[in-house]
Each structure stands twice: as structure tokens, then as C-alpha cells.
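Each chain is listed here by its residues.
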Amino acid sequence: MQIFNEIAVLLGKEIKLEWRNKYAISGILLYVGATIFIVYMAFIEMEPVTWIILFWIIMLFASINAVVKSFVQESRSRQLYYYTLVNPTALLTAKIVYNTLLLLLIGFLTWGGLSLFVGNAVVNTRPFLLAIGLGSLGFAVTFTFISAISAKTDNSASLMAILSFPLVIPILVTLVNLSKNAIEPLASEGVQSDINLLIAIDLIVVGMSLLLYPYLWRD
Amino acid sequence: MGNISWWKWLGVALIIYTFTAGMLVPLQHGIVEVTPRSARTGEQVTVELTGYNCNYDQQSESLKAWLKLDEEKTLGASSIEVLGPRRLAIGFDLPAYLPVDRRVQDFSLILESKEDGTAILPTALLVTQDSIDPEKGIALWVNTAVNDLTVSTGMTFPFRPIIYETIRNTYFHVALWLSMMLLFIAAVVYSVRYVRNPMPKWDSKARAFTSVGLFFGILGLVTGMVWAKYTWGQAWSNDVKQITTAIALLVYLAYFILRSAFEDPEQRGRISAVYNIFAFALLIPLIYVIPRMVDSLHPGAGGNPAFGSEDLDSTMRMIFYPAIIGWALIGAWIANLQYRMDAVREEWIERLD
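Residues numbered from 1 in each chain as written. Chains lettered and ligands numbered in written order. Predicted model: local features only at pLDDT ≥ 70, side-chain atom pairs only at ≥ 80, totals over all residues. Heavy atoms only, no water.

Caption draft 1: Molecular detail of the overall build of chain A. Along its length, chain A carries nine helices and zero strands. Traced from its N-terminal end to its C-terminal end, chain A shows the element sequence α-α-α-α-α-α-α-α-α. Expected size for 219 residues packed as a compact globule is a radius of gyration near 17 Å; at 18 Å, chain A falls within 12% of this value. Counting over 219 residues, chain A shows a buried share of 51%. Total accessible area computed for chain A in this model is approximately 10000 Å², and 68% of it derives from carbon and sulfur atoms. One finds the centroid of the 12 positive side-chain charges in chain A at a distance of 14 Å from the centroid of its 12 negative side-chain charges. (Helix = DSSP H or I, 4+ residues; strand = E, 2+ residues; numbered from the N terminus. Rg over C-alpha atoms; globule rule 2.2 N^0.38 Å. Buried < 20%, exposed > 50% of the residue type's maximum accessible area, 1.4 Å probe, protein only. Areas by Shrake-Rupley, 256 points an atom, 1.4 Å probe, with all protein chains shown as cover. Lys, Arg positive; Asp, Glu negative; His and termini not counted. Charge placed at Lys NZ, Arg CZ, Asp CG, Glu CD.)

Caption draft 2: Structural context of the interface of chain A and chain B. Facing 29 residues of chain A, the contacting portion of chain B comprises 25 residues. If you look at where chain A meets chain B, you find zero salt bridges. Between the two partners, chain A and chain B, sit two residue pairs in polar contact (both at pLDDT 80 or more). Those elements that place two or more of their residues in the side of chain A that touches chain B are α7 (125-150), α8 (156-179) and α9 (191-216) of chain A. The dominant element in the side of chain A that touches chain B, judged by the number of residues it contributes, is α9(A), at 11 residues. Across the side of chain A that touches chain B, the residue classes break down as 19 nonpolar, six polar and four charged. (Contact = heavy atoms within 4.5 Å. Salt bridge = Lys/Arg side-chain N within 4 Å of Asp/Glu carboxyl O. Polar contact = N/O pair within 3.5 Å; in protein donor to acceptor, adjacent residues only side chain to side chain. Nonpolar A, V, L, I, M, F, W, Y, C, P; charged D, E, K, R; others polar.)

Caption draft 3: Region of the structure containing the sheet that holds strand β2 (residues 38-40) of chain B. Residue and element names in this part refer to chain B. An order of β2-β9-β8-β4-β5 is seen for the five strands of this open sheet, with the pairing classed as mixed. Looking along the sheet, the strands with just one partner apiece sit at the ends: β2 and β5 (74-76). Direction aside, the axes of adjacent strands within the sheet are offset by 35 degrees on average. The pairing of strand β8 (residues 104-112) with strand β9 (residues 119-128) spans seven bridges and is antiparallel. Residue pairing for β9: Asp-106 is matched across the bridge by Leu-126. (Pairing = 2+ DSSP bridges. Axes fitted to C-alpha atoms, helices over the stretch in contact; angles between N-to-C directions.)

Caption draft 4: Just the packing of helix α3 (residues 48-67) of chain A against α7(A), in detail. All names here are of chain A. At a minimum axis separation of 10 Å, α3 and α7 run at an interaxial angle of 35 degrees. Note on packing geometry: the crossing formed by α3 with α7 is right-handed. Of the residues in α7, those in contact with Trp-51, Ile-52, Phe-55, Trp-56, Met-59, Leu-60, Ser-63, Ile-64 and Val-67 of α3 are Phe-128, Ala-131, Ile-132, Ser-136, Phe-139, Ala-140, Phe-143, Thr-144 and Ser-147. Partitioning the contact of α3 with α7 into residue classes produces 14 nonpolar, four polar and no charged. (Left-handed = near helix turned anticlockwise from the far one by under 90°.)

Caption draft 5: Layout of the pattern of salt bridges. For the coordinates displayed, the defined rule picks out 13 salt bridges over all chains. One salt bridge connects B:Glu112 with B:Lys114, and the closest N-O pair in it is separated by 3.4 Å. Residue class for B:Glu112 comes out buried when judged on its relative accessible area of 0%. B:Asp342 is the partner of B:Arg345 in a salt bridge, and the nearest nitrogen-oxygen pair spans 3.0 Å. Taken together, the positions of B:Arg345 and B:Asp342, both in helix α7 (residues 314-352) and three residues apart, correspond to about one turn of that helix. Counted as one network, the salt bridges with shared partners bring together A:Lys13, A:Glu14 and A:Lys95.

Caption draft 6: Region of the structure containing the packing of α8(A) against helix α5 (residues 240-260) of chain B. Where α8(A) contacts α5(B), the two axes come as close as 9 Å, and the packing angle between them is 155 degrees. In terms of orientation, α8(A) lies roughly antiparallel with respect to α5(B). Crossing angle aside, the handedness with which α8(A) passes α5(B) is left-handed. Residues A:Leu159, A:Ile162, A:Leu163, A:Pro166, A:Leu167 and A:Ile169 of α8(A) touch α5(B), and the partners they reach there are B:Ile247, B:Leu250, B:Val251, B:Ala254, B:Ile257 and B:Leu258. Each residue belonging to the contact of α8(A) with α5(B) can be placed in one class, and the counts come to 12 nonpolar, no polar and no charged. (Parallel < 35°, antiparallel > 145°, perpendicular 65-115°, else oblique.)

Caption draft 7: Summary view of the pairing of strand β6 (residues 79-82) of chain B. Residues and elements named next belong to chain B. When β6 meets strand β7 (residues 87-93), the two strands line up antiparallel, connected through four bridges. Bridge pairing in β7 places Ser-79 opposite Gly-91. What sits between the antiparallel neighbours β6 and β7 is a turn of four residues.

Honestly, it's all geometry; don't read function into it.
Right, here's the structure in full:
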């Protein structure tokens, strides 16, 4: 299948690009580290529920900063060059996969950093791992798609926040609800419905963005 | 007048019908309050009752009242004295023992009136037993069957405690919200058409329907806040339903900000259509799924039953469904005016160039 080859090549390109200049990844690492340290200095000790909420807020802002560059960073002429070579769906899929991996990394780093400074509030690991996985996918797809939209405008950074924050709230609310199961030794009854809802929302955003991107890219 | 289409007349007629019938049809006969709310077994209790939409002093001999324990056991009133057009004093001889093995038993009060119809107040009276003996209670119980209930024949709305007259807001708050969904669906359909075939009129229609939908959404939120003020105690109580509604309105406000960011009409049309479709897909879990999973005061959320099955009787349906259609048609008319204005503006710009 040609499209899978294209995705693999584009994904390799994204990772290679990241590895060569290390600018974005080190910036994000520093961002996460600094935020965790600020949170630590402000709270010192915190309730497990506060821990969960702060985790997702750090995750939200780190993600939006990590993903916003995916389309903005590349010049229009280089994007035109890509479109002459590959299928637009392959381009979007590669960016989504790359951003999901990046957000997974950010998620685990935030978890590790918070555990190091503030202490680990997670008792029940399975729902929390699921939340990080499904949350990374949902955030990555939504932010990648919205960054593709906002990259078309002159004022992309502020438009990115205006467009994407209301849209990720369903994902964020469900993630916080799901993660609250992680601070209790036993998961509550509603855990399965939260997981189902997250999977459903992730499928909706993946489906819609793959369906709509071919209409978005051409200028 | 010849160039106004039939559906616009229909919309106006339905809205006039909604306002007149929705505001003028009276509520059923109901019981606002009774005092005292509690009694002890073996005593003779006199309950003072305040009614609603009733005229007791015209029909003192036809009044009947019962305390209802369950489907089979009811206790008739020993005396009924009319204190005023809306006030009654009803005497009950409570037996020394109740036929239940509970310390405190709640009774519903049924009040029958030939002219006004039957009124029921659930959990009207709590009776405390001094000592529990269900067998003696069964032996002592004098059952008075509930019979000859009058079903009021006129057009009335259900009488519900706490809601009372605000039940009329169903035709505005709920109907506006449902017709907002219809307008947003119409906008998404036009966005899809624009994406598939970029003609300026599809974009203009999508924008018009979205703006009217947003306006109806704001009206729905405001009418909901007015209702919340009377039933929940305050207009804004950070209920999940209110928060998700506010977020949904933010999503659509962002649509207009996105549109204003483009100069080129083709690019603006295409990208805002793509955003509109994407946003609508995420709106479904936001306003229909999440409120059902979180605690909420709103009907149809947090495990509460949706306002409908029980509260929406056949009289209300006769106004509720036309109200939805009427609001949707009025919304479509406003949208129609907007995109025709757009077309005229385009034409003049072309002519002036």
C-alpha cells in the first residue's frame, strides 16, 4: 500500500527533523519542567484530586504548545512541495501519529516530574495509563487539525487557542473523570462508560479530521 | 403580500398559537400547601389546605378528600370545612395503629372537586406511630374507597409542585433549544454542500443558519436561566448543563471569529465550512452525552428523567410540537433574509466595480 509507505516516510521525516534541531522537544521539556516546579512551589503538598486536575492542565498547555507548530512551522512553499509528492491524508496521519507519540512522552514526563517533586497520587495505574493514551490521541488529533486550520490565518497562535479550547473540553472533562478513578484503590462503576465515551470521541475526531483534511489543505 | 411563501405564514401562525395557547391555558386544580405536615396515630388531625385554580366556596357539598397509603388503602375525611375560595380545613380520624411495620408512614392527599377536577399532593402528611403493630392496624383500618373522581375536561396544563406556572416555559426554553439544533443541522448540511461544491450561496446560507442558531442558543440559555431562577433558586448555579451550553456557544462564537480572519471569500468559505462540520461533530458528545454522566439539576441529565414522559401530557404536546416547528420556521425566515441580503450586497459590489 502506497499510503502506508508515505505515512512511514513522513513520520520518519518528522522524527528526523525533530532529532536534528532538538529545538521543539527541548523547549517542551523545559516548559513541562518549569510548570511542574511552579506548581510545586505554589502548592508543596496537594490533595490527590488537585494533583489530577493540575496534571491535565499542565498536559493541556504543554500539548497545545507542542502541537501548534506542526503546520505553522513549515513555510507555504514547502507545504506545496509536500502536496505535489504525497496524499494529504498521509501527511495528516503522519503528523497525528507523531504528535500522539510526542504527547505520550509529555504525559509520562509530567507524571514522572510531578511524582518526583510533589509525590505520586496515582494508586490505580491501569485507568491512568488508559487516560494518558486516549487523552494523548484525542488532544493530538484535535490540536493537529485545528492547527491546520489556524495555520491558514495570519494570527494563528491566538486563533489556535480560541478554536481548540472549547472543542477539547469534552475530552478534558472525561479525562479528569476517568483519572479520578486512578487515585482510589478500586475503580468506580462509571469507569467503563468514561473509557467508552473517550474512545467514541477519539474515533469522532480521527474520522472527521481524516475526512475533512483533503478539503482543507489546498490553497 | 404575494411574495411571502406559505411556510413563513405557517411559522407566524404557529408562534402566535404558541404564545396565546401557551400563556392563556390555565393550570389544573392543585394543592399548593398543607399544614401541619405531620401527625401522630390515634389523634384527630385537621389539615389546613391551600389550593390553586379552585373555587371551594361555590361547591362545599361536592368536595371529598382522602389520605392515600397505597393502591388499596385509603382513609376518607371525617369533615371538610370551607374557609375561603382557596382554603379548606379537612379533618381526619387517624387510627391508633397503622397497617404497616414502619415507624413513620407518608400519605398522599387526594382532593376531589366536581367543578375543578381532582388534585393530588404526594407525601402530604407524615404519620408517626407510637407503637408498631401491623396486625392491629389491619384490623382497625376503615377503608374508604376512592370513587367518583372527576376528570377535568377543559384544556389545562399539569400542576407540578415547584414548577407551577413556569411549566409554560417548555414552549420557549425547550422548543427554542430543539429548533436551534435543527438550524445548526441545516448549517452543517450547507457547509457540506459548500465543501463538495464551492458556490458562494452555500457558504452564505451556512453562515446565516449558524448565526440564527447561535441567537436561538443564547435565547434558550437565557430562558433556561429565568426558569432556573424560579425552580433551582438562582439563575446560574454552575450546573453541568449550563456550563456545556456556554461552551457550545463559545464554539460557535469562535466560528465567527475564524470567519473574520480571512480576506479571500473562497478560503473563508472553505475553512469555516470545515470547522463548522468538525465543531458540530464534537458538539454531540458535549451537549448530549456528558451532561447525562455528571450530577445535574436539569431534567434529562445526571440520571434525572428527561422532561417528557410524565410531565408532558397530551394538552402540552398539542402546543409543544407546533412550537418547535414554529420557532424553526421563524429561524429559517431570519436566515433567509440574511443570505438574501448577502446576495444583494454581492450584486451591488459587482455592479460598482
